[in-house]
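Chain residues, written in single-letter form:
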Amino acid sequence: MARQQQPPPWVHAAFLLCLLSLSGAIEIPMDLSQPPTITKQSVKDHIVDPRDNILIECEAKGNPAPSFHWTRNSRFFNIAKDPRVSMRRRSGTLVIDFRSGGRPEEYEGEYQCFARNKFGTALSNRIRLQVSKSPLWPKENLDPVVVQEGAPLTLQCNPPPGLPSPVIFWMSSSMEPITQDKRVSQGHNGDLYFSNVMLQDMQTDYSCNARFHFTHTIQQKNAFTLKVLTNNPYNDSSLRNHPDIYSARGVAERTPSFMYPQGTASSQMVLRGMDLVLECIASGVPTPDIAWYKKGGDLPSDKAKFENFNKALRITNVSEEDSGEYFCLASNKMGSIRHTISVRVKAAPYWLDEPKNLILAPGEDGRLVCRANGNPKPTVQWMVNGEPLQSAPPNPNREVAGDTIIFRDTQISSRAVYQCNTSNEHGYLLANAFVSVLDVPPRMLSPRNQLIRVILYNRTRLDCPFFGSPIPTLRWFKNGQGSNLDGGNYHVYENGSLEIKMIRKEDQGIYTCVATNILGKAENQVRLEVKDPTRIYRMPEDQVAKRGTTVQLECRVKHDPSLKLTVSWLKDDEPLYIGNRMKKEDDSLTIFGVAERDQGSYTCVASTELDQDLAKAYLTVLGRPDRPRDLELTDLAERSVRLTWIPGDDNNSPITDYVVQFEEDQFQPGVWHDHSKFPGSVNSAVLQLSPYVNYQFRVIAINEVGSSHPSLPSERYRTSGAPPESNPADVKGEGTRKNNMEITWTPMNATSAFGPNLRYIVKWRRRETRETWNNVTVWGSRYVVGQTPVYVPYEIRVQAENDFGKGPEPDTVIGYSGEDLPSAPRRFRVRQPNLETINLEWDHPEHPNGILIGYTLKYVAFNGTKLGKQIVENFSPNQTKFTMQRADPVSRYRFTLSARTQVGSGEAATEESPAPPNEAYTNNQADIATQGWFIGLMCAIALLVLILLIVCFIKRSRGGKYPVREKKDVPLGPEDPKEEDGSFDYSDEDNKPLQGSQTSLDGTIKQQESDDSLVDYGEGGEGQFNEDGSFIGQYTVKKDKEETEGNESSEATSPVNAIYSLA
């Protein structure tokens, strides 16, 4: 974070111009008579484009307005005689028009402009007009350049002489730039130098190109082709990365020698103010390094810089102190040499005291001074109105003393324009200064009663331009009273300006300037207002941000409320463009989604029309690192290689790791794999390699922000082959059907194949039988064994093999053939310890036919014909018990249990919960009695009983007797009436039912039981349910014991007894 309190930029410019005007001569108002003054002219060396019209500028002022004429090559140039040449109106500027034809070259020469009125003549510089030239390159046939590998070589450019000199650069004939480095580079003279030639230099040709500035054309020389003689004709690309490529290629090493400049010493001259360029280009094997020194001192660090891979030293804006001896040192491991360059600094003339216009009153004295320096020392020549002073009419009031002209008791007739020409062999300077003799009372040249607003504590200047002859004296007063303001906090300059060194609040007021000479006086007033300064009281702070985050830079300002405030931002000292990712507010700048390009210095500029305040902060953006570059493979071995790279910019976040990746072109071409990882401090590593892989490497840099883009790939390197050293992993045997087994494995990649034609030997056999191994050779990653028993273990082996041999003996893996549905769980038991819970238990299936993955239990509650919602429970394969909480004490439950394998659920075992107590049975009876089918059945039985009664009545009326012993299974009591023949005689008492028994329709008598299972109600042994849960068994007549006993006194005849009586 930095802060600067500054006025606006225009204030700096104005203040600089002010200082210049304070030290300059007083200007004569244009309404007064005055000699001519040159105000604009072309440069001394004026080069023009031949395709455009020629313009030679010359403008001047004076009163009366001056007239113009020209000389060409020191002779009068008659413009009127040449129709192509014209002069602009109220100006001396020449225009040469070629639209109607003509050759610009015909107008080359030295031109000088003369501006004249009745008070004198002013001269322009001598302007040398030249037409730009871009000649064609001469056609030439260039033979191939034959050179021995390791030898030095210079390809000369020799461009055609252009004006100005063309820019030289080397390219191939296909317009590809020639890569330059410390071995191959272009000299300052345009030639291309090879410190030593390598076989790879034959891969392209070399063409010198010249670009001409004015015509914007490029001339191309015919290309050179190289033929390199070598002891090692194979251009093995891997040798480029060899640490000693020269010895690897059989190139003899040599000590350095200079190609340019020749010899051990040379000299060079440079003009003061120009750039000095010293150059040393050396040959040698290995390529020499160049270092620069100055004898007896250090190189000027503020002006010196190295160019062209240290082969050139440039010193800018040379001065006399830069003279001396410089030497360059060329060295390699074979030795070193030095070349000394003696530098002489010469100088074209430069001003020490340039003559200025002289304004005198009649009778006054004055002088013109013309002092210049140079190397060699320049000579001074005075002229008056364009003529040598020696040939001008004599003037007794004028005296020439070398570089000074003294005027005494000047009169009106002394008015003239004097020229001072100072020159040496390197150039010249020409200055005009007029002598004007006037008699003018004081006058003010600025508007009256100006308002000046200034900032507190600043330095300011109050201007009061005036004129008079003799030159008036000027005094300043504040608020119309007090003494003359000069000294202390005030300073009055020769031109009348009043400087206040530090403005205070009490300096506010009205200031009066009074100019006085012997002819009178004049005055003017300036009103001064003092304003508070603009201040940034909360400045932006330096920040470090990750890419993609949001950053806010604060800038809060306090200023004088009477001034308009403007807040703007600069980035890297240039106006900031506020795009859609930025938001500028009165007191802050917000940057959304920070990117790398946002890094830099941000300056808040708070400005008013009078001052400004600056506050600067630096935003550092942490970005992903730049990609590594220039990958090199060295130390090539059978199973290793050294990879070296140059790190990219870390973008303000240190590189923590490098990931080396590889790609091979056989198994997965174009797919990159991670090879190894190295710390961020490493840029060279030895990589372990696998046999028979055509490697290509790249490197990725990693920092806290993220990963760089991958580097460009290295050259390829192939290793030799070998038998596999491992076998495929993840070998498995699993059935996809119940009668097969699929053997699979993870195929080996390129780094484990070790050779061509990688294949797999697959072996298998049943585990229990220990039979001989079956085997097959497979090129893929799976094999299916068919016709296998269900879920049988197999021993499996998979061995890798390539054209170089087999891999090691593989491990044996146990696999299984396909699974099938399991049998039903064994001994499925349902117990009901109380009315709240039901316990289920079972054993595993006798035939699991695979790996059990669990059990599925389905159960449903029912109450008579009413069914509840079916519930499904899944259990783990190890679970064989389950306790269920009953929903109510009345309902019964039907359970279905099955085991599961991967194939699905197998056979199911079904059981029901026990019947509930009698209360539940009575409720069931009530429910059955309401059914329609039961009512129909009872009606049928009633009809049958009625028929039987009728039959019995008929039989009774006949008095028949029937033997019944053989029909009854129950013994008779002693009280039973019987006949001797064993027959019964029916009477009313015979219709009573037997106590403790109930007779079924089939004639059997059962003991009364409490079991109320629905099974007892059917004809068969088991009750059955439809899919909707309805009971489909047929009911028999059954009554409770209590009901039978309750009917003992009834007179109704039991239908069962009636049937027995029929028997």
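Residues numbered from 1 in each chain as written. Predicted model: local features only at pLDDT ≥ 70, side-chain atom pairs only at ≥ 80, totals over all residues. Heavy atoms only, no water.

1. A closer look at the overall build of the protein
Moving on, step 1. Secondary structure assignment for the protein yields 7 helices and 84 strands.
Moving on, step 2. Buried residues in the protein amount to 42% of all 1063 residues.
Moving on, step 3. Long-range pairs, those at least 24 residues apart, make up 65% of the contacts in the protein between residues at least 6 apart in sequence. (Helix = DSSP H or I, 4+ residues; strand = E, 2+ residues; numbered from the N terminus. Buried < 20%, exposed > 50% of the residue type's maximum accessible area, 1.4 Å probe, protein only. Contact = heavy atoms within 4.5 Å.)

2. Topic: the state of the cysteines
Moving on, step 1. A full pass over the atoms with the stated rule returns 6 disulfides.
Moving on, step 2. Between the sulfur atoms of C280 and its disulfide mate C328 the distance is 1.9 Å. Across the S-S bond of C280 and C328 the torsion is about -75°, and the bridge reads as left-handed. Placement of C280 in the loop between β23 (276-279) and β24 (281-285) and of C328 in strand β28 (residues 324-332) is noted, with a sequence separation of 48 residues between them. No difference in accessibility class separates C280 from C328, as the two residues are buried. (Disulfide = S-S within 2.5 Å.)

3. Thoughts on the sheet that holds strand β69 (residues 782-786)
Moving on, step 1. In spatial order, the strands read β65-β66-β69; together these 3 strands make up an open sheet with antiparallel pairing. For this open sheet the edge positions go to β65 (729-734) and β69, each flanked by a neighbour on one side alone. The average angle at which neighbouring strand axes cross in this sheet is 10°, direction not considered.
Moving on, step 2. Where β65 lies against strand β66 (residues 740-746), 4 bridges are found, and the strand directions are antiparallel. Looking at β66, one finds that G733 is bridged to I743. (Pairing = 2+ DSSP bridges. Axes fitted to C-alpha atoms, helices over the stretch in contact; angles between N-to-C directions.)

4. Concerning the packing of aromatic side chains
Moving on, step 1. Within this structure, the stated rule accounts for 18 aromatic pairs.
Moving on, step 2. Aromatic pair Y859 and F895: ring centres 5.6 Å apart, planes at 45°, arrangement tilted. In this pair, Y859 sits in strand β75 (residues 854-863) while F895 sits in strand β79 (residues 892-900), placing the two residues 36 residues apart along the sequence. Of the two residues examined, Y859 and F895, each falls in the buried class.
Moving on, step 3. The ring of Y350 has R272 sitting right over it, with the charged end atom 3.8 Å from the ring centre. (Phe/Tyr/Trp six-rings, centres within 6.5 Å; stacked < 30°, edge-to-face > 60°. Lys NZ or Arg CZ within 6 Å of the ring centre and 35° of its normal.)

5. A short note on the pattern of salt bridges
Moving on, step 1. This structure, assessed with the given rule, holds 51 salt bridges.
Moving on, step 2. Between R99 and D97 there is a salt bridge, with its nearest N and O atoms 2.6 Å apart.
Moving on, step 3. Overall, R99 belongs to the exposed group, its relative accessible area being 74%.
Moving on, step 4. A salt bridge links R371 to D353, with the nearest nitrogen and oxygen atoms 3.5 Å apart. Taken together, the residues span a long stretch of sequence, with R371 in strand β32 (residues 371-375) and D353 in strand β29 (residues 335-353) at a distance of 18 residues.
Moving on, step 5. The exposure class assigned to D353 is partly exposed, which follows from its relative accessible area of 25%.
Moving on, step 6. Look at the salt bridges and you will find they share partners, linking R538, E554, R556 and D587 into a network. (Salt bridge = Lys/Arg side-chain N within 4 Å of Asp/Glu carboxyl O.)

6. What to know about the environment of D52
Moving on, step 1. Relative to the elements of secondary structure, D52 occurs in the loop between β3 (45-48) and β4 (54-56).
Moving on, step 2. Residue classification places D52 among the partly exposed positions, given a relative accessible area of 45%.
Moving on, step 3. For D52 and F98, which are 46 residues apart along the polypeptide, the C-alpha to C-alpha distance reads 7.7 Å.

7. Some remarks on a nonpolar patch on the surface
Moving on, step 1. Taken together, L943, L946, I947, I950, V951, F953 and I954 make up a surface patch of nonpolar side chains, about 660 Å² in accessible area.
Moving on, step 2. Along the polypeptide, I950 turns up in helix α5 (residues 932-958). (Patch = residues over 30% accessible without salt bridge, like charges linked within 9 Å, V, L, I, M, F, W, Y side chains within 5 Å. Areas by Shrake-Rupley, 256 points an atom, 1.4 Å probe, with all protein chains shown as cover.)

8. Focus: the sheet that holds strand β9 (residues 94-96)
Moving on, step 1. Within the open sheet, the 3 strands sit side by side as β4-β9-β8. Their pairing is antiparallel. Since the sheet does not close on itself, it has two edges, and those belong to β4 and β8 (85-87), each with one partner. For this sheet the average axis-to-axis angle between neighbouring strands, irrespective of direction, equals 20°.
Moving on, step 2. Examined bridge by bridge, β8 and β9 share 3 bridges and lie antiparallel to one another. Each bridged residue has a counterpart across the sheet, and for S86 the counterpart in β9 is V95.

9. A word on the side chain of E529
Moving on, step 1. As for its placement among the helices and strands, E529 is situated in strand β47 (residues 520-531).
Moving on, step 2. Within the structure, E529 has its side chain in polar contact with the side chain of K531 (distance 3.4 Å).
Moving on, step 3. Aside from chain neighbours lying at most four places away, what touches E529 is L451, I452, R453, V454 and Q508. (Polar contact = N/O pair within 3.5 Å; in protein donor to acceptor, adjacent residues only side chain to side chain.)

10. Overview of the nonpolar core
Moving on, step 1. Counting residues in hydrophobic clusters, the biggest one holds 30 residues, and the most contacted among them are I54, I56, W70, L94, Y107 and Y111.
Moving on, step 2. At the level of secondary structure, the elements contributing two or more residues to this core comprise β4, β5 (58-63), β6 (67-72), β9, β10 (109-117) and β12 (127-131).
Moving on, step 3. Setting aside residues up to four positions removed in sequence, L94 forms contacts with I54, L55, I56, W70, F77, I79, V85, S86, M87 and Y111. (Core = buried A, V, L, I, M, F, W, Y, C linked by side-chain atoms within 4.5 Å.)

11. Quick notes on the pairing of strand β11 (residues 120-123)
Moving on, step 1. Side chains G120 and A122 of β11 all project onto a buried face; the interleaved residues T121 and L123 project onto the opposite face, where all are buried too.
Moving on, step 2. The sheet contact formed by β10 and β11 spans 4 bridges and is antiparallel. Each residue of the ladder has a partner; that of R116, found in β11, is T121.
Moving on, step 3. Hairpin connection from β10 to β11: 2 residues lie between these consecutive antiparallel strands.

12. Examining the environment of F467
Moving on, step 1. Tracing the backbone through its elements, the reader meets F467 in strand β42 (residues 466-469).
Moving on, step 2. Distance in space between the C-alpha atoms of F467 and L445 is 7.2 Å, their sequence separation being 22 residues.

13. Considerations on unusual backbone geometry
Moving on, step 1. Residue P164 is bonded to the preceding L163 through a cis peptide linkage, with omega at -5°.
Moving on, step 2. Secondary-structure assignment places P164 in the loop between β14 (153-155) and β15 (167-171).
Moving on, step 3. Along the chain, S469 connects to P470 via a cis peptide bond; the corresponding omega equals 5°.
Moving on, step 4. Structurally, P470 is set in the loop between β42 and β43 (473-478).
Moving on, step 5. Here Y791, not a glycine, exhibits a phi torsion of approximately 45°, which is positive.

14. Observations concerning the confidence of the model for the protein
Moving on, step 1. Residues of the protein with pLDDT of at least 70 account for 85%, and the chain-wide mean is 85.
Moving on, step 2. In this model, residues 7-24 is a region of pLDDT below 50 whose contacts with residues beyond four sequence positions or in other chains number 23 contacts.
Moving on, step 3. Contacts for the low-pLDDT stretch residues 919-924, under 50 throughout, to residues beyond four places or in other chains number 4 contacts. (pLDDT = per-residue confidence, 0-100.)

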